[in-house]
Amino acid sequence: MRSDPDALVKAAHVALYRSGETRAYGGGLLVDGGLVLTCAHVVNLALGRPRFAQQPPPARDGAVDGLLVALPGGPAAGRFRVAVEEWLPGCREDGATARDRPEPPEPAQDGDHEWSGDLALLRLLDALPPGRAGAPLGHYRPGPSAFAWYGSGNASTVAAVVVQAETDRWLVLDTPGSAQPLVEGYSGTPLWDREQQRVVGLVVSRRRQRAFAIPTRVVTAHFPRLRPSFTAPDLDAAGPGLADPGHVAVWRQLIDPVRRTLPGPADRADCARELAAALGVPPPAPGEPPAPEWFLLTALAEPHGVATLMAALAARAPSREERHALQVQAVYAAPEQLLTAAEHGELLHLLTGVLPRPREVAARALPLGPGLEDVGWPAAVRILEGYRPRFGKVPSLLRVVEFAAQEAPDPAGLREWNDAVAERLELTAGLAEHRTQAGEAARARRALDEAEPPVVQIQLWRSGSTDTFGFALRSLAPDGAVRHRICRDAPGGRAALLDVLAEVLAQVGRESEPGTVPRVECFVQKDELDLDVDQWVYRPDELFPSVLGQDFLTVLRCPELRRPEYWPELRYRWQARHTAVVLPQERRDPAVQERGRAAPVCGVALCGPPSETGVLRAIAIAVGVPGVVWPRSAVGPGAGALLRELTSGVTAAGLPRAVYEARIRAEEDGVGRHLALVWDGPERIPEALPLSDPL
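Just so it is clear, the model here is predicted, and its values are computed rather than measured.

## What about the overall build of the protein chain?
Okay, step 1: For the protein chain, the helix and strand inventory stands at 22 helices and 25 strands.
Okay, step 2: Per-residue burial over the protein chain gives 51% buried out of 695 residues.
Okay, step 3: In the protein chain, the share of contacts with a sequence separation of at least 24, taken over all contacts with a separation of at least 6, comes to 65%.
Okay, step 4: As displayed, the protein chain offers around 32,300 Å² of accessible surface, 53% of which is attributable to carbon and sulfur atoms.

## Looking at the pattern of salt bridges
Okay, step 1: Evaluated as defined, the whole model comprises 37 salt bridges.
Okay, step 2: A salt bridge links aspartate 680 to arginine 557, with the nearest nitrogen and oxygen atoms 2.7 Å apart. Of this pair, aspartate 680 sits in the segment after β25 (675-679) while arginine 557 is found in strand β21 (residues 553-557), placing the two residues 123 residues apart along the sequence.
Okay, step 3: The class for aspartate 680 is buried, based on a relative accessible area of 1%.
Okay, step 4: Through salt bridges with shared partners, one network takes in Arg519, Glu521, Arg557, Arg562 and Asp680.

## Brief notes about helix α8 (residues 305-315)
Okay, step 1: In terms of residue burial, α8 counts as a mostly covered element, since 10 of its 11 residues are buried.
Okay, step 2: Among all positions of α8, only Gly305, Val306, Ala307, Thr308, Leu309, Met310, Ala311, Ala312, Leu313 and Ala314 are buried.

## Observations concerning the confidence of the model for the protein chain
Okay, step 1: Taken residue by residue, the protein chain gives an average pLDDT of 82. The fraction at 70 or more is 88%.
Okay, step 2: Averaged over each element, pLDDT in the protein chain is lowest for helix α3 (residues 95-98) (43) and highest for helix α2 (residues 40-46) (94).
Okay, step 3: Counting interchain partners and residues more than four positions distant, the pLDDT-below-50 stretch residues 95-101 has 11 contacts.
Okay, step 4: Across residues 228-241 the pLDDT falls below 50, and counting only partners more than four positions away or on other chains, this stretch makes 15 contacts in the model.

## Focus: the side chain of serine 396
Okay, step 1: Structurally, the position occupied by serine 396 is in helix α13 (residues 396-407).
Okay, step 2: Excluding residues that lie within four positions of it along the chain, serine 396 makes contacts with Leu366, Leu384, Tyr387, Arg388 and Pro389.

## A word on the environment of leucine 8
Okay, step 1: Following the sequence through the fold, leucine 8 ends up in helix α1 (residues 7-12).
Okay, step 2: Given the relative accessible area of 41%, leucine 8 is considered partly exposed.
Okay, step 3: The spatial distance from the C-alpha of leucine 8 to the C-alpha of arginine 194 is 9.8 Å, given a sequence separation of 186 residues.
Okay, step 4: The contacts of leucine 8, once residues within four sequence positions are left out, are Ala135, Pro136, Trp192 and Gln197.

## Quick notes on the pairing of strand β7 (residues 79-88)
Okay, step 1: Bridge count for strand β6 (residues 67-70) against β7 is 3 bridges, and the pairing is antiparallel. Bridge pairing in β7 links alanine 70 to arginine 79.
Okay, step 2: Both β7 and strand β8 (residues 119-124) contribute to a ladder of 6 bridges, which runs antiparallel. Note on β8: the bridge partner recorded for valine 82 is leucine 124.

## Focus: the packing of helix α6 (residues 265-279) against helix α7 (residues 292-301)
Okay, step 1: Look at α6 against α7: their axes get within 11 Å of each other, and the N-to-C directions meet at 10°. Considered as vectors, α6 and α7 are oriented roughly parallel to each other. Of the residues in α7, those in contact with Arg268, Cys271, Ala272, Leu275 and Leu279 of α6 are Pro292, Trp294, Phe295, Thr298 and Ala299.
Okay, step 2: Of the residues contributing to the contact of α6 with α7, the split by class is 8 nonpolar, 1 polar and 1 charged.

## Some words on the packing of helix α11 (residues 358-365) against α13
Okay, step 1: It is at 8 Å that the axes of α11 and α13 come closest, and there the two elements cross at 115°. As for how α11 packs across α13, the hand of that crossing is right-handed. Across the interface between the two elements, Val361, Ala362, Arg364 and Ala365 of α11 pack against Arg399, Val400, Phe403, Ala404 and Glu407 of α13.
Okay, step 2: Class assignment for the residues of the contact of α11 with α13 results in 6 nonpolar, no polar and 3 charged.

## Some words on the nonpolar core
Okay, step 1: Formed by 48 residues in total, the largest nonpolar core has its most connected members in Leu29, Leu37, Leu67, Leu119, Ile214 and Leu226.
Okay, step 2: Of all the elements, β8 adds the most residues to this core, at 5 residues.
Okay, step 3: For leucine 29, the residues in contact, after removing those within four places along its chain, are Ala12, Val14, Leu35, Val36, Leu37, Ala135, Leu137, Gly188, Pro190, Val199 and Leu202.
Okay, step 4: With 43 residues, the next largest nonpolar core counts Phe469, Leu497, Leu529 and Ala676 among its residues.

## Observations regarding a nonpolar patch on the surface
Okay, step 1: Nonpolar side chains collect at one region of the surface, where Val328, Val331 and Tyr332 lie side by side and expose about 230 Å² of accessible area between them.
Okay, step 2: Classification of valine 331 by relative accessible area gives partly exposed; the value is 32%.

## Comments concerning helix α9 (residues 320-333)
Okay, step 1: The end-to-end C-alpha separation of α9 is 20 Å, in line with the 20 Å expected for 14 residues at 1.5 Å each.
Okay, step 2: Listing the buried residues of α9 in full gives Leu326, Gln327, Ala330 and Ala333. Along the axis of α9, the buried positions cluster into a sector of 135°, meaning they face one direction only. What points out from α9, more than 90 degrees from its buried face, is the exposed set Arg320 and Glu321.

## Examining unusual backbone geometry
Okay, step 1: In the Ramachandran plot, aspartate 61 falls in the positive-phi region, its phi being about 55° despite a non-glycine side chain.
Okay, step 2: Considering the arrangement of structural elements, one finds aspartate 61 in the loop between β4 (59-60) and β5 (63-64).
Okay, step 3: Residue class for aspartate 61 comes out exposed when judged on its relative accessible area of 73%.
Okay, step 4: A positive phi is found at glutamate 426, a non-glycine position, where the angle reads about 60°.
Okay, step 5: As for its position among the elements, glutamate 426 is in the loop between α14 (412-424) and α15 (428-450).

## A word on the sheet that holds β8
Okay, step 1: Strand order around the closed barrel formed by 6 strands is β1-β2-β3-β8-β7-β6, with antiparallel pairing between neighbours. If you compare each strand with its neighbour and ignore which way they point, the axes differ by 40° on average.
Okay, step 2: Both strand β2 (residues 24-31) and strand β3 (residues 35-38) contribute to a ladder of 3 bridges, which runs antiparallel. Paired with leucine 29 across the strands is leucine 37, a residue of β3.

## Details of the environment of valine 163
Okay, step 1: Of note, valine 163 is situated in strand β10 (residues 159-166).
Okay, step 2: Between the alpha carbons of valine 163 and aspartate 174 there is a distance of 6.7 Å; along the sequence they are 11 residues apart.

## Observations regarding the packing of aromatic side chains
Okay, step 1: This model, assessed by the stated rule, comprises 8 aromatic pairs.
Okay, step 2: The interplanar angle of 90° and the centroid separation of 4.9 Å between the aromatic rings of tryptophan 115 and tryptophan 170 together place this pair among those described as edge-to-face. Here the residue tryptophan 115 occupies a position in the loop between α3 and β8, and tryptophan 170 occupies one in the loop between β10 and β11 (171-174), the gap between them amounting to 55 residues. For the pair shown, tryptophan 115 and tryptophan 170 are each scored as buried.
Okay, step 3: Arranged with centres 5.8 Å apart and planes meeting at 50°, the rings of tyrosine 538 and phenylalanine 552 form a pair that is tilted. In this pair, tyrosine 538 is assigned in strand β19 (residues 537-539) and phenylalanine 552 in the loop between α17 (548-551) and β21, connecting sequence segments 14 residues apart. For the pair tyrosine 538 and phenylalanine 552, one class covers both residues: buried.
Okay, step 4: Joined through ring pairs, the aromatic side chains of Phe52, Trp115, Trp170 and Phe212 make up one cluster.
Okay, step 5: Lying across the ring of tyrosine 17, arginine 79 places its NZ or CZ 3.7 Å from the centre.

About the cut-offs
Residues numbered from 1 in each chain as written. Predicted model: local features only at pLDDT ≥ 70, side-chain atom pairs only at ≥ 80, totals over all residues. Heavy atoms only, no water. Helix = DSSP H or I, 4+ residues; strand = E, 2+ residues; numbered from the N terminus. Buried < 20%, exposed > 50% of the residue type's maximum accessible area, 1.4 Å probe, protein only. Contact = heavy atoms within 4.5 Å. Areas by Shrake-Rupley, 256 points an atom, 1.4 Å probe, with all protein chains shown as cover. Salt bridge = Lys/Arg side-chain N within 4 Å of Asp/Glu carboxyl O. pLDDT = per-residue confidence, 0-100. Pairing = 2+ DSSP bridges. Axes fitted to C-alpha atoms, helices over the stretch in contact; angles between N-to-C directions. Parallel < 35°, antiparallel > 145°, perpendicular 65-115°, else oblique. Nonpolar A, V, L, I, M, F, W, Y, C, P; charged D, E, K, R; others polar. Left-handed = near helix turned anticlockwise from the far one by under 90°. Core = buried A, V, L, I, M, F, W, Y, C linked by side-chain atoms within 4.5 Å. Patch = residues over 30% accessible without salt bridge, like charges linked within 9 Å, V, L, I, M, F, W, Y side chains within 5 Å. Expected span 1.5 Å × (residues − 1). Arc of directions from axis to C-beta. Phe/Tyr/Trp six-rings, centres within 6.5 Å; stacked < 30°, edge-to-face > 60°. Lys NZ or Arg CZ within 6 Å of the ring centre and 35° of its normal.

Here it is in structure tokens:
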């Protein structure tokens, strides 16, 4: 008979009822000591009180008046009385600190998007039936491995949950692969990680299609007594180092495989030397071979120790079947550890500093993957190691590495690393499929980068020191043919210019292929390079104004600064723009001026102080660098570091798109709103304007 992977949580699931009713108002979790953990607002709703009532519910004869709890699967009459052990109602500040303040915290209100507290610990006043015990607590992992049941605990109400991220107080949950969303009535129920066999949170709220849960770290911070302690006769040899419940669970799963795979003294001595060298720890003392317990204690004490140990055991397995069984046990025992210590260190060396931000690469490899906003590669690798794919056997991290290899200047190292890990995990065939997909996606992206979008060109000249401009405007088809041409050489206000521009942009949009983002090229004089044309609102709207740099690839051009003797160099660099990465520059660099380099500088990001920007910008444009990006002077002192991160691994051809995305993502006054970009090649330069005589 097949065992139930959810048996532990089902036995500890509790339903909350109002006396005399059959509808469950929510759920709870049976924990050790005859206690029930739930949300305070579930208790309030079951008793007909306001959701965020602050005082504990009234009692009669020592029990909460009108509240009963039941264990799903028990007899219909098996409902139990409870008393309030601890009460932490929902409030608008951290409930843990609120206890130390003389004034009461401000209660949460209906309509609040998030709140603190909202926990209740109840004590059962009646004896539990045999076989009922609390479920173990653990910590969440991003990924599609958590499950929740309706308050009644009915098995058919199970919902598969993706833990997308964690806020300061809650876990963010989605149910994209489940026909059953988390609706009202799931509150207070345990969030169950089937792979870890642990409860990782309590469902607490929902907002539209998204739900939220209180993570166990918050629960145990409020109620320290719930931090589980494990003692068992067979763990005595482990000593005090296994107070962590997660370590105890690993011990229980892996001690027998260690003993079975390393039966003799010679086996243990040889494996101990290998494990110690791999983890960088002192080997056991010579002489008597280490006991099996030494291997687990060593592995649990070191980063990536469990994965390193299980890889060493799998290499010694006498058959393919036993090797596969050890790999499966490793996944279930330590799901957050995919890589050995050596594999992890080598991967970070290959990834760090040479590739775009993880968010962009992971989004292409895992469209429904975890959010990786504002994290570098070390944090991204940690998250992706524990993120299980919704489809297929190839781990998410290996999929992302395949896509990262397509972006790397030298992809061979990453592919060799991926091949070695896939071979260890016996996933070589599956990885080959993802390598093909990554290659096809990269070729499609390069073709898109190389394809010229529709272009709208604006030549601007300011009338004196006023905010009035004369302009010439033309739109070009991807083949360079002129579609529209308008000239207003008599100076006029900016509003008149933007009205004309809006009409032309609308027409270009109608004539463009779906999904195409036109490029707007603004030709300015050399003293107008800090003109914030990308922030001009060309179609005002109270709710959703149309901003030039957030709707189009808006760039500057300044042929006036190009030196004639460097025109051949400009053409040479322009041809290499699809492969050359952007060079961050804080001071003068001879590589920028060097002609005929095998790897020419085709784009620079000016990350130095504002006092240096003008000179460095003029030199780069003069010597034929096609792409130059810099923060305008209105930005704060941290702009250089952010610009360096933005352009890391970006090719010169990708600069307009990267700056466009930064402008969209930026907050109201973020760095993206202050980026200026010169994107100026040797082609499509308008002829000199036939200006009217001044009035």
